[in-house]
Amino acid sequence: MTIKASCHCRATTFEVSEAPLTVTQCTCSFCSKRGSLWAYYVPSQFKLTSPLKNVSFYQWGSKTVKHGFCATCGCGTFTETPDWSTGKPDFDNPKISVNSRLFDGFDLDQVEVVVIDGKNLW
């Protein structure tokens, strides 16, 4: 089941290959201010369907994660990140986290929200 997603102005669009079972609400300073609910995928499950030039990236702190946002309207779209499931960055297993709030025609209220304490973890 492919899910399509778009930013507010539709200049940045992408799709993922399946619905998330859960989404993550991170309490770190960046995610809290952004209000994103993250769904995680391996790169082969993600496809940017608009030109890459429509996406800008922001990196902060350790510069380990590339946070994408629409270069036109500013909506946070997706991140390129190592796998953090062990608590340390695993660069051999990259992940794409997408802002599931951008899913088009998808009932996000039916998906469990998992809160992680990013405020105190990093």
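Under the UniProt heading Sequence similarities (unreviewed entry), the entry covering the chain gives this text: "Belongs to the Gfa family."

Concerning the pattern of salt bridges
Applying the stated criterion across every chain yields a total of two salt bridges. Between D104 and R10 there is a salt bridge, with the nearest N and O atoms lying 3.6 Å from each other. A residue pair is termed long-range when its members are at least 10 positions apart, and D104 in the loop between β9 (90–99) and β10 (112–116) and R10 in the loop between β1 (3–6) and β2 (13–16) qualify at 94 residues. By relative accessible area, D104 is classed as partly exposed at 33%. Judged by its relative accessible area of 52%, R10 falls in the exposed class. Between E80 and K66 there is a salt bridge; the shortest N-O distance is 3.7 Å. Residue E80 is located in strand β8 (residues 76–83), and its partner K66 is located in strand β7 (residues 66–70); the two are separated by 14 residues in the primary sequence. Judged by its relative accessible area of 31%, E80 is partly exposed.

Some words on the environment of V114
Within the secondary structure layout, V114 lies in strand β10. The exposure class of V114 is partly exposed, given its relative accessible area of 31%. Residues contacting V114, with those up to four places away along its chain left out, are T22, V23, T24 and Q25.

Cut-off values and rules
Residues numbered from 1 in each chain as written. Predicted model: local features only at pLDDT ≥ 70, side-chain atom pairs only at ≥ 80, totals over all residues. Heavy atoms only, no water. UniProt positions renumbered as here; feature names shortened; annotations may be inferred. Salt bridge = Lys/Arg side-chain N within 4 Å of Asp/Glu carboxyl O. Helix = DSSP H or I, 4+ residues; strand = E, 2+ residues; numbered from the N terminus. Buried < 20%, exposed > 50% of the residue type's maximum accessible area, 1.4 Å probe, protein only. Contact = heavy atoms within 4.5 Å.

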